[in-house]
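Inside the fold
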Amino acid sequence: MSTYYQPRKYPASSFESMQPTDEALPVVIVGGGPIGMAAALGLAQRGIPVTIIEAADQVSFGSRAICISRHSLEAAARLGYGAELEQIVLPWVGGRSFYRDQQVLHFRMPLRDFDVRPPMINVSQSEYEQIVVDTIERNPLITLYWSASIAGILRGDDEVTLEIDTADGKRHLRARWVVAADGGRSRMRELAGLRLEGTNYEGRYVIADIHWESELPAERMVWFDPPSNPGSTIIMHKQPKNIWRIDYQLDPSEDAEIETQEEAIRARITKHLDWLQNDLPWTLEWHGFYSARALALRDFTHDRILFAGDAAHLVPIFGVRGLNSGMEDAETLAWQLAAVIHGNAEPALLQAYSVERHHAWEQNVANAGKSTLIMSPGSHGHRTTRDAVLALAVNRPEFGHLINPRQSSATHARISPLTWPVAEGVTGVLPGDPVDDRKVRVVTAASAVDSSLNVVRGTGFAVLGVGLDADGSSALAAAAAELGAALSPESVRAVLVGGAVGGAPADVTVLDAPDLIEALGARAGEAFVIRPDGLVLCRVPVAGLSGVADALRTGTAPDGPAVPARPADALTDDEERRENVWLGLSAAIDQADESDREGFLTRLALVLGSQVGRREFEEAVAAAADTSPVRVAELTPQA
């Protein structure tokens, strides 16, 4: 019997149009998907009433964005639905890639002793959204209208009038601020006369959910050119309740309209499962279609209309950055917009949202773009080098890192106008960097209790001091109180790590976490201001905390040496060299005349070969010539 999730339907919402004499709503969010609802919860958490209008009569149907990252789980916990979500998910830590039937990559994401959550979990977007809807329905500050679709907008100086189609006819709402979170085909974007800009990739994928009681492990499995579907790429993910997500690439010559019919999908999946020696029954539950795109608005802030999630930007699906980057949008937008609405910051603060999140899109595209060039190469040069990398990786595992899917991780805001300067030579976690949640112990004079950094710092700001004496602890507490008064009702907590328990004021939480000090790269006497979305705002001596509130009010950090534009890559020198060769050679092949590609590659080999000794050249020739035969008799994935 199928366990596939069937979302419940909601009756169409009825409401009246607002009158000219009515006070405008503080915030209307267009789009009741995961990003719009997360933004609503973040705003309501800060005391702001929110109205959501959603065109559908239920949450989305189908698995869609199934992979939820650790940093999104942290956001879910801060927004109040993390515990319920974590009860139904399927954690995983890595995956395997195969070239035909030979394993060419086995990767694992970080799962360390201090981590509170797994690096990635799988759950259907449908079930994820239902948990968020249930949370919203319990929140008295949030109103969710179903079957209410945006039909028109009229922008004024200090409010936006929305025309909405409902089951009862046209309705009009007026809002001080509008958050457009209505997805990749955003009607709000269209009504505002805005267009996404960027790159459309050529790869097209059919996606399908099946119910299949297989014992294969919960890991990301990818086959390039499998004997079951030669020339294609197939991705498989296990979900809870014996649901499997299968994505497979269509050849450019194949007709998408024909290949997305159920009969064709069943035939393609049957071939692959038969190749895996499957003898278990399965049922097709849902299917869809996507192509890879890397597109974004130039600005996400347009007067009183603010764009978030897929309405603001699209990223290739590889590396699972869509929903996960949208969750970062929602958290950042919620605390910044709340500060403006409460009068604690000027509207200029919202320009920081646009700058930060656009640059986050660029970070995601830089990684997802590389993954897309492997998963779905769109040119002769990239396909040639991709196939060569796969063939080499069979016996040369050092090339496997080029196949790594570069799974989603938290983005940084180092170039944000909010991010404070830092003295040259400072290392460790810098302003703009994310701070991972981790296990800690909260210490009092009487006991020590296990907790986590995110629980300690709460849903707002944290002022974390390192190695402070009694006077320093008092100064830390005073700075946190001053910031709290300036940002009220935003919470601000003072946290001390590596200091004397007895010398700390009562309103300072003391941690026993020496590994946290090491992870931060912190020095005694420093203070880190951590934003509600988990990013470091500044890293200064405790005495330098007095200017934080004013900087947030104006949306501008103090002048000083800029933080390096990006963190150091995790690549080794050899890995970076191979990556540069892969990307450079792909472009060079594409630029070569089609009739001279073999000649170009021969000349390149002669130039490069003349720079090494005879033995090294002969070894390179042997490695390039080693194309081991496919072991078609061994059809199951390698352990």
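Relevant structure appears above.
A few points on the structure.

About the criteria used
- Residues numbered from 1 in each chain as written.
- Predicted model: local features only at pLDDT ≥ 70, side-chain atom pairs only at ≥ 80, totals over all residues.
- Heavy atoms only, no water.
- Phe/Tyr/Trp six-rings, centres within 6.5 Å; stacked < 30°, edge-to-face > 60°.
- Helix = DSSP H or I, 4+ residues; strand = E, 2+ residues; numbered from the N terminus.
- Buried < 20%, exposed > 50% of the residue type's maximum accessible area, 1.4 Å probe, protein only.
- 1 Å grid on protein atoms, 1.4 Å probe; cavity = no way out; pocket = protein on both sides within 12 Å on 5 of 7 lines; lining within 4 Å.
- Points joined across faces, edges and corners; volume = space filled by probe spheres on them.
- Nonpolar A, V, L, I, M, F, W, Y, C, P; charged D, E, K, R; others polar.
- Core = buried A, V, L, I, M, F, W, Y, C linked by side-chain atoms within 4.5 Å.
- Pairing = 2+ DSSP bridges.
- Axes fitted to C-alpha atoms, helices over the stretch in contact; angles between N-to-C directions.
- Expected span 1.5 Å × (residues − 1).
- Arc of directions from axis to C-beta.
- Salt bridge = Lys/Arg side-chain N within 4 Å of Asp/Glu carboxyl O.

Some points on the packing of aromatic side chains
By the definition in use, this model includes 11 aromatic pairs. Both rings, one in Tyr81 and one in Tyr128, keep their centres 5.8 Å apart while their planes meet at 90°; by these two values the pair is edge-to-face. Residue Tyr81 is located in the loop between α2 (70-79) and α3 (82-86), and its partner Tyr128 is located in helix α4 (residues 125-137); the two are separated by 47 residues in the primary sequence. For Tyr128, a relative accessible area of 1% translates into the label buried. Taken together, a centroid distance of 6.3 Å and an interplanar angle of 85° make the contact between Trp223 and Trp275 edge-to-face. Taken together, the positions of Trp223 in strand β13 (residues 220-224) and Trp275 in helix α7 (residues 262-275) put the pair 52 residues apart, joining distant regions of the chain.

Here we look at empty space enclosed by the protein
In this structure the tally under the stated criterion is 5 cavities of 30 Å³ or more. Its volume calculated, the largest cavity comes out at about 80 Å³. Contributing to the lining of the largest cavity are Thr3, Tyr4, Tyr5, Ser124, Ser126, Glu127, Gln239, Pro240, Lys241 and Ile243. Across the lining of the largest cavity, the residue classes break down as 4 nonpolar, 4 polar and 2 charged. The space that makes up the second largest cavity amounts to roughly 70 Å³. What lines the second largest cavity is Arg46, Trp335, Ala338, Ala339, His342, Asn344, Phe461, Leu487, Pro489 and Glu490. Ranked by the residues each element gives to the lining of the second largest cavity, the list is headed by helix α8 (residues 322-341), at 3 residues.

What about the nonpolar core?
Soluble globular proteins: nonpolar side chains tend toward being buried together. In this structure, Ile29, Tyr81 and Leu545 are the most contacted members of the largest nonpolar core, which totals 114 residues. Residue contributions to this core peak at 10 residues, all from α8. Leu105, Trp286, Ala393 and Leu402 belong to the second largest nonpolar core, which has 32 residues in total.

Focus on the sheet that holds strand β19 (residues 313-314)
Strand order in the open sheet formed by 8 strands is β6-β5-β13-β14-β15-β12-β16-β19, and the pairing between neighbours is mixed. At either margin of the open sheet sits one strand with a lone partner, and together these are β6 (102-108) and β19. Alignment of strand β5 (residues 94-99) against β6, held across 6 bridges, turns out to be antiparallel. Paired with Arg96 across the strands is His106, a residue of β6.

Side note on the sheet that holds strand β3 (residues 67-69)
Overall, antiparallel pairing links the 3 strands, which are arranged β3-β7-β4 in an open sheet. The open sheet has two edge strands with one neighbour each: β3 and β4 (90-92). Within this sheet the neighbouring strands show an average axis-to-axis angle of 35°, counted without direction. Across 3 bridges, the pairing between β3 and strand β7 (residues 120-122) is antiparallel.

Section: helix α15 (residues 573-591)
Relative to the 27 Å expected for 19 residues at 1.5 Å per residue, α15 spans 27 Å between its end C-alpha atoms, a close match to the ideal helical length. Within α15, the full set of buried residues consists of Glu579, Trp582, Ser586 and Ile589. Seen along its axis, α15 keeps its buried residues to an arc of 110°; they face one direction. In α15, the exposed residues that point more than 90 degrees away from the buried face are Asp573, Val581 and Gln591.

A closer look at the environment of Ala485
Among the secondary structure elements, Ala485 is positioned in helix α12 (residues 470-487). Remark: the alpha-carbon pair of Ala485 and Ser14, spanning 471 residues in sequence, is separated by 40 Å.

Here's the deal with the pattern of salt bridges
Under the criterion given, the structure shown has 41 salt bridges. Measuring nitrogen to oxygen at the nearest pair gives 2.7 Å for the salt bridge that ties Asp433 to Arg414. Within this pair, whereas Asp433 is found in the loop between α10 (380-393) and β20 (439-443), its partner Arg414 is found in the loop between α10 and β20, the two being separated by 19 residues in sequence. The pair Asp433 / Arg414 is uniform in exposure class, with both members buried. Where salt bridges share partners, they join Arg70, Arg112, Asp115 and Asp436 into one cluster.

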